[in-house]
Amino acid sequence: MAVQADWFLIVAILVAFIILAVVGFYVLVKYQHPDDKNEAWFPKLVVWTGFIVAGATVLLLPLDVANNEGYPGCDGYDTRVCGGLNMTLFWNIFFWLIPAYMFILIPFSTLYYEADDGMLMAGTNTAAGRNAKKKSRIWDALKWQFATLVIVVLVFFLTYYFLSDTDIPIWEYQYNGTTSQLFTYETVPIYNISNTSQVLPFQSYQLEPMGRGDRIVLESNHEFEQMGSVVVQVGLGTFFAGLMAFVGWFFFALFGGVGIAAMPLDLIMNFVNRPRHMDAVEFSEAQMSIRERVNELVDIGELLKIEREQKEMANDGGGGGGGFLCFG
C-alpha cells in the first residue's frame with residue numbers, strides 16, 4: 001500500500017530548490033570575470049546547476065530524516081510519521097549526478113573554455129598570424145575529455161570488482177522460550193479484484209504495530225556475546241559515491257590543512273604590506289619615478305616601431321636587414 005506523500009515536504013523541496021537557484025545565480029554573477037559578462041554560457045550553466053546539485057546533496061540528509069523512510073511501519077501498517085517520498089530514488093539520482101558533474105560536465109566545460117581555437121595571433125604580422133586557421137574547440141575538448149573518462153572508468157571498475165563487498169556487523173539473537181509462548185497472528189486475507197477466489201500474497205502493510213505478544217517474544221530472546229556479520233555487495237551508485245568520498249577526504253585534509261596553516265600567514269603579510277599614507281616628499285619621489293619609467297617605455301615603443309618599419313621595407317625590397325635593438 002503506497003503512502004501518500006507529505007505536502008509539507010514537497011513544498012519544502014520546491015522552496016529549497018528556488019533558494020539554491022537564486023543564491024547560485026547571485027554568486028555566479030557577482031564573482032564572474034568581467035571579460036565573460038556575455039560569453040561562456042555553457043560553462044556558466046554548468047557552474048550554476050553545480051551549485052544547485054551541491055546544495056541539494058547536503059539538504060538530502062535532513063529531508064531523509066524528515067521523511068522517516070527507514071521506519072518499518074512506513075511499509076504500510078503504521079504510516080503516521082512517514083513522508084511518503086522515495087528517498088532511495090532521490091539518493092541514487094544524486095549519487096549519479098555528482099560523478100557526472102565531476103568527471104564529465106565540469107572537465108568538458110573547463111577544457112572547452114580553455115581551448116585554443118588557433119585565432120589568438122590571427123591578423124598579426126607573424127608566422128603564426130599569417131598561417132592561422134580556426135580549430136574546433138569542441139573537438140579539442142572532447143579529446144581530453146575522452147582521456148579523462150578512460151582513466152576514471154578504469155579506476156572505478158577495477159576498484160568495484162575488488163572492493164564492492166561490504167561486511168556489515170550485526171548482533172545475533174536466539175529465542176530461548178517455548179513454542180507455547182509463541183503467538184499466532186491472523187490477518188484478513190486480500191483477494192484479487194478480477195478473481196475473488198484468489199488470495200493475494202501477504203504484504204508487509206498487513207502487519208500491525210508491536211503489541212504485548214511481540215514484547216514477550218522479544219524479552220525471551222538471548223543476545224550472543226560475539227557479533228556476527230553479513231556480506232553484501234554495494235550498488236554501483238552507492239559504491240561510486242563512497243569511493244569519491246573516501247578519496248576526497250584525503251584531498252580535503254591536504255588542501256584544507258595547507259589553507260588553514262597559510263591563512264594566518266597571509267593575513268599577517270597583508271597587514272604588514274598594507275597600503276600606507278605617503279607624505280609629500282615620498283609622493284613626489286614616487287611620481288617622478290613613475291614618470292621616468294613611462295618615458296622609458298615610450299622610447300622603447302618608438303624604437304620597436306622603427307625596427308618593424310625597417311624590416312617591412314627590407315622585405316618589400318627583397319634585401320636582408322637586421323634589427324639594431326638588443327635588450328639585455
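Please refer to the structure higher up on the page.
Residues numbered from 1 in each chain as written. Predicted model: local features only at pLDDT ≥ 70, side-chain atom pairs only at ≥ 80, totals over all residues. Heavy atoms only, no water.

Enquirer: Is there a simple way to think about the packing of aromatic side chains in this case?
Expert: Aromatic ring pairs are described here by two measures, namely the spacing of the ring centres and the angle between the planes. All told, the structure shown has 14 aromatic pairs when counted by the stated rule. Taken together, a centroid distance of 6.0 Å and an interplanar angle of 25 degrees make the contact between phenylalanine 156 and tyrosine 160 stacked. On the criterion of helical spacing, the pair formed by phenylalanine 156 and tyrosine 160 is a turn pair, its members being 4 residues apart in helix H5 (residues 137-163). Since its relative accessible area comes to 5%, phenylalanine 156 is described here as buried. Their ring planes at 25 degrees and their centres at 4.3 Å tell us that phenylalanine 156 and phenylalanine 240 sit as a pair that is stacked. Here the residue phenylalanine 156 occupies a position in helix H5, and phenylalanine 240 occupies one in helix H7 (residues 236-272), the gap between them amounting to 84 residues. Like phenylalanine 240, phenylalanine 156 is buried. (Phe/Tyr/Trp six-rings, centres within 6.5 Å; stacked < 30°, edge-to-face > 60°. Helix = DSSP H or I, 4+ residues; strand = E, 2+ residues; numbered from the N terminus. Buried < 20%, exposed > 50% of the residue type's maximum accessible area, 1.4 Å probe, protein only.)

Enquirer: Looking at this model, I keep getting lost on the packing of helix H1 (residues 7-31) against helix H2 (residues 41-67). Mind explaining?
Expert: The axes of two packed helices give the description: the angle between them and the distance between them. Interaxial distance between H1 and H2 falls to 9 Å at its minimum, and their mutual angle equals 150 degrees. Classed by the angle they form, the pair H1 and H2 counts as roughly antiparallel. By crossing handedness, the relation of H1 to H2 is classed as right-handed. Residue-level inspection shows Leu9, Ile13, Ala16, Phe17, Leu20, Ala21, Gly24, Phe25, Val27 and Leu28 of H1 in contact with H2, the latter providing Lys44, Val47, Trp48, Phe51, Ile52, Gly55, Ala56, Leu59, Leu63, Ala66 and Asn67. Looking at side-chain class alone, the contact of H1 with H2 contains 17 nonpolar, 3 polar and 1 charged residues. (Axes fitted to C-alpha atoms, helices over the stretch in contact; angles between N-to-C directions. Parallel < 35°, antiparallel > 145°, perpendicular 65-115°, else oblique. Left-handed = near helix turned anticlockwise from the far one by under 90°. Contact = heavy atoms within 4.5 Å. Nonpolar A, V, L, I, M, F, W, Y, C, P; charged D, E, K, R; others polar.)

Enquirer: Would you take a moment to explain the nonpolar core for this structure?
Expert: One broad rule of soluble globular proteins: the nonpolar side chains tend to lie buried together. One finds Leu60, Leu63, Leu85, Met87, Trp91 and Phe94 to be the most contacted residues of the largest nonpolar core, which totals 14 residues. Counting 8 residues, the second largest nonpolar core, distinct from the first, contains Phe103, Phe156, Phe239 and Leu243. (Core = buried A, V, L, I, M, F, W, Y, C linked by side-chain atoms within 4.5 Å.)

Enquirer: Would you mind going over the pairing of strand E1 (residues 165-170) with me for this structure?
Expert: Consecutive side chains along a regular strand alternate between the two faces of the sheet. Counting buried residues in E1 gives 0 out of 6 residues, a small share hidden from the surface. In terms of strand pairing, E1 meets strand E4 (residues 228-233) through 6 bridges, oriented antiparallel. Bridging across to E4, isoleucine 168 finds its partner in valine 230. (Pairing = 2+ DSSP bridges.)

Enquirer: Explain the side chain of glutamine 145 here, please?
Expert: Structurally, glutamine 145 is set in helix H5. With near-sequence residues (within four places) excluded, glutamine 145 lies in contact with Phe103, Ile104, Pro107, Phe108 and Leu111.

Enquirer: Is there a simple way to think about H2 in this case?
Expert: Because the α-helix completes a turn every 3.6 residues, residues three or four places apart line up on one side. Taking 1.5 Å of rise per residue, 27 residues should cover 39 Å, and H2 covers 37 Å from first to last C-alpha, within 8% of that figure. If you look at H2, its biggest bend is around 30 degrees, right at leucine 60, and the proline proline 62 turns up within four residues after that. In this structure, the buried side of H2 is in contact with H1 and helix H3 (87-114). Positive phi appears at asparagine 68, one or two residues downstream of H2, with a value of about 60 degrees. (Expected span 1.5 Å × (residues − 1). Bend = angle between axes of the 7 residues up to and from the residue.)

It is worth stressing that arrangement in space is one thing and function is another; only the former is reported here.
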